Amino acid sequence: MNPISTPGNIPSDLVADWQTLHRVFIRPEDEKSRQTLIKYMEQILFGLHEFLNSHVGVTEAIPLATLAKSYTDTTIRREPEKKLADVIKDIINEIAPRAVNVASPYFIGHMTSAIPFFMVHLKAITAALNQNLIKLETSKVLSVLEKQVLAKVHRMVYNREPAFYDTHVQNVDTCLGLFTNGGTTANITALWVARNQCLPATGNFAGVEQDGMAAAMKAHDLERLVVLVSERGHFSLKKAGGILGIGNRNIIAVGVNKQHQIDMNELTRQVEAFSQNKKIKIAAIVGIAGATETGTIDPLPEMAHLCRTHGIHFHVDAAWGGPVMLSEKYAPLLDGIREADSVTIDCHKQFYMPMSAGMVFFKDPAALDRIIYHAGYVNRKGSVDLGIKTLEGSREASSLILDSALKIMGSQGYALMIEHGIDTARLFAQKIKDRDLFQLVTIPVLNILTYRAIPPALKQQMDAGVTPARQQEIDACLDQINTDLQRIQREAGKSFVSRTCLKIHPADAYTAVVLRSVIMNPYTNGSILDQILDEQEEILQSLQISTDLKPHT
Ligand SMILES: *Cc1c(COP(=O)(O)O)cnc(C)c1O
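Predicted model, so just to flag it, every value in this text is computed and none were measured.

Draft legend 1. Spotlight on the nonpolar core. Leu 267, Ile 285, Ile 345, Met 359 and Leu 402 are the most contacted members of the largest nonpolar core, which has 72 residues in total. Ranked by residue count, the leading element in this core is helix α6 (residues 141-158), at nine residues. If we ignore the near neighbours within four places in the chain, the residues touching Met 359 are Leu 150, Val 153, Leu 178, Phe 179, Thr 180, Ala 186, Val 343, Thr 344, Ile 345, Cys 347, Phe 351 and Leu 402.

As structure tokens, this is what we get:
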């Protein structure tokens with residue numbers, strides 16, 4: 001069937017012709033339409049924002065399968081169906097209430113949350129300007145602004161001497177970092193640089209970027225390239241392993257200690273074992289500054305020391321935790337990050353920017369020379385276009401948003417939000433400990449914690465000691481309870497925590513289902529957290545029967 005259909009009842013004033021097209025591209029043709037557009041912009045800026053804040057419920061309680069039934073038409077209409085005004089009205093009435101109200105202070109489950117009001121304005125401006133940072137010809141001043149903003153954040157991370165920044169801030173031959181589409185591409189870029197650095201040109205071999213992995217292995221007399229990261233590593237690192245030809249099984253998960261930090265003894269053992277084998281090379285070691293699941297921070301100074309001793313690229317994945325450096329109170333948690341060869345920081349996480357932007361930084365301003373690409377129509381040889389060193393092609397002016405946000409908030413404004421998140425997460429941890437029904441699984445080093453529900457009957461049995469077989473039954477039962485609890489609360493749509501799987505103790509063979517909370521909304525407070533726990537207790541009461549179904553032995 002032709003996917004371009006011509007349906008009947010289209011309002012007769014809706015036509016796609018040259019005259020209308022002109023109006024779409026230039027501007028509303030008369031004062032009346034101008035006023036309509038302004039009215040709707042107002043509704044987007046205020047109405048939508050108000051909606052998100054006044055509807056504390058996280059999402060409408062409609063099952064996804066039901067929604068999906070309304071989204072099955074696969075035809076593109078030949079003639080226009082709606083005016084902009086109607087499209088906006090529909091989005092506000094039909095899409096917004098069924099999307100997820102991530103701005104709710106009851107939404108404490110993921111790294112996506114409320115953003116400051118002004119971000120919507122800034123995002124609208126970048127769309128209106130529509131600059132493309134791939135080249136100077138489509139960005140001009142935005143290219144120098146981008147270099148400046150990157151230098152500011154580089155300085156926050158590395159705190160090099162002022163002369164260093166004077167030299168590099170607008171240096172067209174060097175590069176302190178890049179804006180990317182997010183943490184995933186930032187991590188891929190960092191490991192891409194690390195891979196190319198450890199498989200350089202030699203003899204007839206032009207380098208891994210030019211000749212590929214097979215030739216690189218041969219030229220360097222290697223069989224394997226590996227990357228070491230703790231079990232808590234983000235899955236983007238595995239993607240990097242796949243894309244870069246390292247193989248995602250060679251992104252090696254190192255065990256963690258009780259604090260869910262990388263186990264330094266195990267890491268050291270692995271590094272020494274790999275170093276003994278001349279056929280294996282470690283491309284990078286990745287430290288985590290704010291693990292996605294637990295918010296924990298690896299011992300960065302020790303990892304940096306180990307990397308230096310063995311001449312290994314040290315990457316720090318601070319996609320989540322990076323902006324914590326803006327808080328004088330909590331910045332010391334990230335001590336050691338300055339020694340990293342590369343650092344990932346997301347903009348759409350704790351810089352509170354709208355989707356989607358991230359950054360990657362390099363200690364060595366020449367590091368990105370290892371991934372330079374040129375093209376005939378842009379980014380020609382000798383070009384200073386920023387696009388010669390990015391994985392992405394076209395890129396929006398995210399730097400304009402971050403720079404403006406830093407001006408509006410000041411580092412102190414960000415510090416307040418970040419400190420609120422960490423302090424509130426610590427309060428939440430105490431509330432969890434104070435309730436008999438819950439067990440705190442990971443303490444919040446940053447603003448992330450995990451916990452789980454354990455009905456008292458099962459807790460008593462476990463405390464009294466049970467056979468391994470009975471423990472297995474209890475584990476399965478607890479997993480079911482926590483899975484159901486999270487699902488029922490999510491489906492009810494009033495509040496949201498997420499869930500993941502973790503070993504409760506590092507030595508456990510079994511990974512338990514745990515609830516995960518990320519607190520970054522400045523309006524989430526103790527009273528809201530109590531309500532969320534109360535709701536969970538109510539759900540647990542309704543589930544109670546299932547725990548007694550299991551036979552006691
Ligand atoms: C979120 C996150 C990433 C991935 O970032 P995206 O922006 O989602 O691509 C990588 N590492 C860590 C630690 C993260 O928390």
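Draft legend 2. Quick peek at the packing of helix α15 (residues 468-492) against helix α16 (residues 526-543). With their axes 10 Å apart at the nearest point, α15 and α16 run at an angle of 120° to one another. Judged by the inter-axis angle, α15 sits oblique to α16. α15 and α16 meet at a crossing whose hand is right-handed. Each of Ile 481, Asp 484, Leu 485, Ile 488, Gln 489 and Ala 492 in α15 lies in contact with α16, whose residues at this interface are Ile 532, Glu 535, Gln 536, Ile 539, Leu 540 and Leu 543. Among the residues forming the contact of α15 with α16, the class breakdown is eight nonpolar, two polar and two charged.

Draft legend 3. Representation of the sheet that holds strand β12 (residues 498-502) within the structure. Within the open sheet, the four strands sit side by side as β10-β11-β13-β12. Their pairing is antiparallel. Every other strand in the sheet has two partners, leaving β10 (438-442) and β12 as the edge strands with one partner each. If you compare each strand with its neighbour and ignore which way they point, the axes differ by 40° on average. Sheet topology places β10 next to strand β11 (residues 448-453); four bridges connect them, and they run antiparallel.

Draft legend 4. Highlighting unusual backbone geometry. Put simply, Met 355 and Ser 356 share a cis peptide bond, and its omega is -15°. Examined against the element boundaries, Ser 356 turns out to sit in the loop between β8 (342-346) and β9 (358-362). Located in the positive-phi region is His 260, a residue other than glycine, with phi close to 65°. Position of His 260 relative to the elements: it lies in the loop between β5 (251-254) and α11 (264-276).

Draft legend 5. Summary view of the pairing of β8. Along β8, five of the five residues are buried, which leaves the element largely enclosed by surrounding structure. Neither face of β8 is exposed, since Ser 342, Thr 344 and Asp 346 on one face and Val 343 and Ile 345 on the opposite face are all buried. Relative to β8, strand β7 (residues 313-317) is paired through three bridges, and the arrangement is parallel. In the sheet register, Val 316 faces β8, and the bridge partner there is Val 343. As judged from the five bridges shared by β8 and β9, these two strands associate in the antiparallel manner. Each bridged residue has a counterpart across the sheet, and for Ile 345 the counterpart in β9 is Met 359.

What counts and what doesn't
- Residues numbered from 1 in each chain as written.
- Predicted model: local features only at pLDDT ≥ 70, side-chain atom pairs only at ≥ 80, totals over all residues.
- Heavy atoms only, no water.
- Core = buried A, V, L, I, M, F, W, Y, C linked by side-chain atoms within 4.5 Å.
- Buried < 20%, exposed > 50% of the residue type's maximum accessible area, 1.4 Å probe, protein only.
- Helix = DSSP H or I, 4+ residues; strand = E, 2+ residues; numbered from the N terminus.
- Contact = heavy atoms within 4.5 Å.
- Axes fitted to C-alpha atoms, helices over the stretch in contact; angles between N-to-C directions.
- Parallel < 35°, antiparallel > 145°, perpendicular 65-115°, else oblique.
- Left-handed = near helix turned anticlockwise from the far one by under 90°.
- Nonpolar A, V, L, I, M, F, W, Y, C, P; charged D, E, K, R; others polar.
- Pairing = 2+ DSSP bridges.

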